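Residue strings, one per chain:
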Amino acid sequence: MPEPVDTVEMQTALLRLRRTSGLPVVFGGLLSDARHARIAELNGAQTSALRGLVISAGSGLGGKAIALSRPCAVTDYASSRHISHEYDAAVAAEGLRSVVAVPVVVRRAVRGVLYGALRTPVTLGDRTFDAMVASARDVEQSLAVRDEVRQLLAAGREQVTDPDTAPGAWEGVREAHRELRALVPRVLDPALRDELLDVCGRLASAAGAKVPAAREVRLAPREVDVVACVAAGATNAAAAERLGLRPETVKGYLRSAMRKLGAHTRLEAVVAARRAGLLP
């Protein structure tokens, strides 16, 4: 079953879709297995007829989009000869006529479906299709980030539990820390973001026993991100690309971090950050 974090991605996409497309009704859901999606999120609906509806691959408009892994549309849902009609009652109860369905595809696997609809039977134009596809891409990217976060969290927890399990393990700890911190700004769900930051903090503090105690230093989250990139040998330009910032912005964060750390060089900043327990 989709987890709560997944619904955040869908809710955000639907809000944006309704604004950009002008469609009065948008809804969607993620797949619970390879062949079934549950409509869990609705925006603009006047009834609850569609909520909780389970869509099977190949059935109805959304099921067709799932099975073909491509967008599908009908001008008048009830009379269309190009889809099956298992869900006509729910669609009619909401008064929908013109409907488009776009699959959410991550690494070639369909993970969900987005719908947009009108209560009049008109042909939907390119602007609507473009908005639908763009929203589906947003969900795809968010889910891909979520998948990567889960993998890195698992690896990070293993490193925190026993960072000395293999030669060179500390480099693995540091790389996991850098990757997790780079993903934090891209995570929409606050609970998952907090979980990420917690693991990052534990990874950083895991090195505390290996260095002398140092004065307490507080860096802003982005300052820590930049110093972590510097620790990996990244230039300002490379750090900017990795963090989605401008090189000038990275330079400003680094200058501020160095001042707080009492460092005069990039290397001194990395050493000071590790002594302060800010980096592993």
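Whatever comes next refers back to the structure up there.
Computed from a predicted model, the values in this text were never measured in an experiment.

Student: When you look at the pairing of strand β7 (residues 109-118) in this model, what are you seeing that I'm missing?
Tutor: In the case of a regular strand, side chains alternate between the two sheet surfaces. With respect to burial, β7 is a largely interior element, eight of its ten residues being buried. Pairing of strand β1 (residues 25-30) with β7 involves six bridges; the strand directions are antiparallel. Note on β7: the bridge partner recorded for G28 is L114. The antiparallel pairing of strand β6 (residues 98-106) with β7 creates a hairpin that spans two residues between the two strands, and R107 there sits at a positive phi of about 50 degrees.

Student: Whenever I open this one, the environment of Y77 confuses me. Can you help?
Tutor: Note on placement: Y77 falls in the loop between β5 (72-74) and α3 (88-94). By relative accessible area, Y77 is classed as buried at 4%. Measuring from C-alpha to C-alpha, the distance between Y77 and V100 comes to 9.6 Å, with 23 residues separating the pair along the chain. The contact partners of Y77, leaving out residues within four places of it in the chain, are G60, L61, I83, S84, H85, Y87, D88, V91, L96, R97 and V99.

Student: Looking at this structure, I do not really get the layout of surface pockets. What am I missing?
Tutor: It is the rolling of a water-molecule-sized probe over the atoms that shows where space remains empty. Space inside the largest pocket adds up to approximately 170 Å³. Lining the largest pocket we find E9, T12, A13, R16, D138, V139, Q141, S142, V145, R186 and L188. Contributing elements (two or more residues each) for the lining of the largest pocket: α1 (4-21) and α4 (126-161). Among the elements that line the lining of the largest pocket, the one with the most residues is α4, at five residues. Grouping the amino acids of the lining of the largest pocket by side-chain chemistry returns four nonpolar, three polar and four charged.

The rules behind the values
- Residues numbered from 1 in each chain as written.
- Predicted model: local features only at pLDDT ≥ 70, side-chain atom pairs only at ≥ 80, totals over all residues.
- Heavy atoms only, no water.
- Buried < 20%, exposed > 50% of the residue type's maximum accessible area, 1.4 Å probe, protein only.
- Helix = DSSP H or I, 4+ residues; strand = E, 2+ residues; numbered from the N terminus.
- Pairing = 2+ DSSP bridges.
- Contact = heavy atoms within 4.5 Å.
- 1 Å grid on protein atoms, 1.4 Å probe; cavity = no way out; pocket = protein on both sides within 12 Å on 5 of 7 lines; lining within 4 Å.
- Points joined across faces, edges and corners; volume = space filled by probe spheres on them.
- Nonpolar A, V, L, I, M, F, W, Y, C, P; charged D, E, K, R; others polar.

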